[in-house]
Amino acid sequence: QVQLVESGGGLVQAGGSLRLSCAASGRFFSINAMGWYRQAPGKQRELVATITSGGSTTYEDSVKGRFTISRDNAKNTVYLQMNSLKPEDTAVYYCKADVRRRITVPEYDYWGQGTQVTVSS
């Protein structure tokens, strides 16, 4: 079984910073892309940022220049450094990992349980 455990959410004032972490554990062969998504109340879940195993990154337009995604492959952990936070960044943040459990099977998406980020104005 593969588990993703997020941490680092909380309450912060506008303009502040938070750092989210997501660690993958369990038995698996490899992890390819990892990413962060968020879901605000009444809205659909949206992509925030992704990073491949080689370190290539993509960002949603509204977070470019403010958020930075990174990963430590040795620790199977992905991070999201969030600076200059705005009230509209308030959401539950989820991490996702594309995991290949064995070399003979395809990749499968695994999700974390989510961590709340609240930005007050």
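All residue numbers here refer to positions counted from 1 along the written sequence of the relevant chain. Local features in this predicted model are restricted to residues whose pLDDT is 70 or higher, and side-chain atom pairs enter the listing and the counts only when it is 80 or higher, whereas totals over whole chains, interfaces and linings include all residues. Derived side-chain values reflect all non-hydrogen atoms in the structure, with water molecules and hydrogen atoms excluded from consideration.

## Observations concerning unusual backbone geometry
Trans peptide bonds make up most of the peptide bonds, and negative phi angles are found at most residues other than glycine. The criterion, for reference: Going along the chain from the N terminus, every DSSP run of H or I of four or more residues is numbered as a helix, and every run of E of two or more is numbered as a strand.
With phi around 50°, asparagine 76 is a residue other than glycine that occupies positive phi space. Inspection of the secondary structure assignment puts asparagine 76 in the loop between strand S7 (67-72) and strand S8 (77-82). In this structure, serine 84 is a non-glycine residue whose phi angle is positive, near 50°. Looking at the element boundaries, serine 84 is found in the loop between S8 and strand S9 (91-100).

## Points about the nonpolar core
Going by this rule: Nonpolar core, defined: a set of buried Ala, Val, Leu, Ile, Met, Phe, Trp, Tyr and Cys residues in which side-chain atoms within 4.5 Å join the residues together. For each residue, the accessible area found with a 1.4 Å probe, counting protein chains only, is set against the maximum for its type, and the residue is called buried under 20%, exposed over 50%, and partly exposed in between.
Core analysis: the largest hydrophobic core is formed by 29 residues, its most contacted members being Trp36, Val48, Phe67, Val78, Leu80, Met82 and Tyr93. Elements that contribute at least two residues to this core include exactly strand S1 (2-7), strand S3 (18-26), strand S4 (30-39), strand S5 (46-51), S7, S8, S9 and strand S11 (115-120). With five residues, S9 is the single largest residue contributor to this core.

## Remarks on the state of the cysteines
This is how the line gets drawn: Any two cysteine sulfur atoms within 2.5 Å of one another count as a disulfide.
The full count for this structure, using the stated rule, is one disulfide. With its sulfur 1.9 Å from that of its partner, cysteine 22 forms a disulfide with cysteine 95. Of note, the bridge from cysteine 22 to cysteine 95 carries an S-S torsion of about 40° and is right-handed in sense. Taken together, the residues span a long stretch of sequence, with cysteine 22 in strand S3 and cysteine 95 in strand S9 at a distance of 73 residues. The same class applies to cysteine 22 and to cysteine 95, which are both buried.

## A few points about the packing of aromatic side chains
This is how the line gets drawn: Aromatic pairs are defined between Phe, Tyr and Trp rings, using the six-membered ring for Trp, whenever the two ring centres lie within 6.5 Å; interplanar angles under 30 degrees are classed as stacked, those over 60 as edge-to-face, and all others as tilted. Two limits define a charge over a ring: the Lys NZ or Arg CZ must be within 6 Å of the ring centre, and within 35 degrees of the ring normal.
In the structure shown here, the tally under the stated rule is two aromatic pairs. On the basis of an interplanar angle of 75° and a centroid distance of 5.2 Å, the ring pair of tyrosine 108 and tyrosine 110 is categorised as edge-to-face. Given a relative accessible area of 13%, tyrosine 110 falls into the buried group. Against the face of tyrosine 94 rests arginine 45, its NZ or CZ located 3.7 Å from the ring centre. We note arginine 45 situated over the ring of tryptophan 111; from NZ or CZ to the ring centre the distance is 4.7 Å.

## Considerations on the sheet that holds S1
Applied cut-off: Between any two strands, at least two bridges found by DSSP are needed for them to pair. Lines are fitted to the C-alpha atoms to define the axes, a helix being fitted only along its stretch in contact, and any angle between axes, read from their N-to-C directions, falls within 0 to 180 degrees.
Taking strand neighbours across the sheet as the criterion, the four strands line up as S1-S3-S8-S7 in an open arrangement whose pairing is antiparallel. In the strand order of this sheet, the two ends are held by S1 and S7, each with one partner. On average, each strand axis in the sheet is tilted by 15° relative to the strand beside it, whichever way the strands run. Sheet analysis places S3 next to S8, joined by six bridges and oriented antiparallel. Across the sheet, the residue bridging to cysteine 22 is valine 78, located in S8.

## Some words on the pairing of S3
Pairing analysis gives six bridges linking S1 to S3, with the strands arranged antiparallel. If you follow valine 2 over to S3, its bridge partner there is glycine 26.

## Structural notes on the pattern of salt bridges
The cut-off we apply is this: Within this document, salt bridges are pairs made up of a side-chain nitrogen of Lys or Arg and a carboxyl oxygen of Asp or Glu, the two lying within 4 Å of each other.
Within this structure, the stated rule accounts for seven salt bridges. Put simply, arginine 38 and glutamate 46 hold a salt bridge, and the shortest N to O gap is 2.7 Å. What makes arginine 38 buried here is its relative accessible area of 6%. Of the charged contacts in the structure, one is a salt bridge between arginine 66 and aspartate 89, with a shortest N-O distance of 2.8 Å. Of this pair, arginine 66 sits in the loop between strand S6 (57-59) and S7 while aspartate 89 sits in the loop between S8 and S9, placing them 23 residues apart in sequence. Look at arginine 66 and you get buried, because its relative accessible area is 10%. Through salt bridges with shared partners, one network takes in Arg38, Glu46, Glu60, Arg66 and Asp89.

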